[in-house]
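Chain by chain, the residues run as shown.
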Amino acid sequence: MQLPSAAVEELSPTSRAAIERLLASKWDPPDLTAFPRGRLAAVLVLLYEEAGELRVLLTTRSKALRTHAGQTAFPGGRADDADTDLVQTAFREAHEEVALPLNSPYIHTLATLPPFVSLHKLVVTPVVALLTNPALIDSLRASQDEVAAIFSHPLEAILDPTLARKEALVARGSEDWIYDTELHNTTVSSVALLNNAVYRMHRFRSTASPIKGLTADILILVAETAFGRAPVYERWAEGQPQGFAAYCQLLGLPQ
């Protein structure tokens, strides 16, 4: 797709280059028709520029939810029968969870990433979009039933966590950052829900709940694509499965 030229010209050179890389990214979407509708989900990775840098919109899930209570997440959820596609799923869920306007002229879809498989065997498709009117962020409102907080994080800090030092981060030693490391924590373990496959868990300190797990994995891919480089830390554990097909095979899902 083509962004309005005025919207692109208003971005800083670094942000403009990142958006252009996302627009130019090409992934062959897998065939998901073998999956039941109830197993398909989508999340919205909404980017916007503030003070010359790209930020990503995130939420902290309500502690009353049955799954992933209190954890950081993108707006998103399972596909409805009424959704025409997973892009619509992502935007519908964002509207329901944080009141992001539907069909806004200031929101532009940039890319649809390859799907990820969650521990609950949901097939999660990330939809990346750009908000060209950041003033809309101030109008967002959290759904009382689903979202405890709305916050953002610098996208490039996912590749280099030291860039987050300028943020008003949660206190070290608090329930939102219990780890000994300052900005980025990682552990490698065998995960029972993944048939004991090895997995490197990444955790990033933020202004709210830690960014970790599937949310972190999606953000790493978005940031790598946008900035055209690898993170400064070790991304994968030795022997860790990589890619949608590998996880489907591991969990006995259609490929």
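Residues numbered from 1 in each chain as written. Predicted model: local features only at pLDDT ≥ 70, side-chain atom pairs only at ≥ 80, totals over all residues. Heavy atoms only, no water.

The name given to the protein in an unreviewed UniProt entry is NUDIX hydrolase domain-like protein, with Mycena pura as the source organism. Annotation of the protein in UniProt includes, under Sequence similarities (unreviewed entry), the sentence "Belongs to the Nudix hydrolase family. PCD1 subfamily." (UniProt positions renumbered as here; feature names shortened; annotations may be inferred.)

**A few points about the overall build of the protein**
When its secondary structure is counted, the protein shows five helices and eleven strands. For 255 residues, the compact-globule estimate of 2.2 N^0.38 gives 18 Å, and the protein sits close to it at 17 Å. With respect to the principal axes defined by its C-alpha atoms, the protein has extents near 50 × 45 × 35 Å. With 255 residues in all, the protein has 51% of them scored as buried. Here the contacts in the protein between residues at least 6 apart in sequence split such that 64% fall between residues at least 24 apart. For the protein, the exposed surface amounts to about 12200 Å²; the carbon and sulfur share of it is 50%. Seen as two clouds, the 22 positive and the 29 negative side-chain charges of the protein have centres 5 Å apart. (Helix = DSSP H or I, 4+ residues; strand = E, 2+ residues; numbered from the N terminus. Rg over C-alpha atoms; globule rule 2.2 N^0.38 Å. Buried < 20%, exposed > 50% of the residue type's maximum accessible area, 1.4 Å probe, protein only. Contact = heavy atoms within 4.5 Å. Areas by Shrake-Rupley, 256 points an atom, 1.4 Å probe, with all protein chains shown as cover. Lys, Arg positive; Asp, Glu negative; His and termini not counted. Charge placed at Lys NZ, Arg CZ, Asp CG, Glu CD.)

**Remarks on the nonpolar core**
In terms of nonpolar packing, the biggest core is built from 38 residues, with Ile19, Val45, Leu47, Leu155 and Leu219 touching the most fellow members. Broken down by secondary-structure element, the contributors of at least two residues to this core are α2 (13-24), β1 (40-50), β2 (53-61), β5 (107-112), β7 (123-131) and α4 (213-227). The leading source of residues in this core is α4, at eight residues. Apart from residues no more than four positions distant in its own chain, leucine 219 is found in contact with Val45, Val56, Leu58, Phe74, Leu155, Ile158 and Ile211. Leu40, Leu46, Ala90 and Cys248 belong to the second largest nonpolar core, which has 33 residues in total. (Core = buried A, V, L, I, M, F, W, Y, C linked by side-chain atoms within 4.5 Å.)

**Considering the layout of surface pockets**
It is a probe the size of a water molecule, rolled over the atoms, that shows where empty space is left. There is about 330 Å³ of room inside the second largest pocket. What lines the second largest pocket is a set of 22 residues, among which Trp27, Pro29, Thr112, Leu113 and Thr125 lie closest to the centre. Looking at the lining of the second largest pocket, the elements that each hand over two or more residues are α3 (86-98) and β5. (1 Å grid on protein atoms, 1.4 Å probe; cavity = no way out; pocket = protein on both sides within 12 Å on 5 of 7 lines; lining within 4 Å. Points joined across faces, edges and corners; volume = space filled by probe spheres on them.)

**What to know about the environment of valine 127**
Secondary-structure assignment places valine 127 in strand β7. Taking relative accessible area as the criterion, valine 127 reaches 0% and is therefore assigned buried.

**Comments concerning the side chain of glutamate 167**
Position of glutamate 167 among the secondary structure elements: in the loop between β8 (147-154) and β9 (184-191). Glutamate 167 gets classed as buried once you look at its relative accessible area, which sits at 14%.

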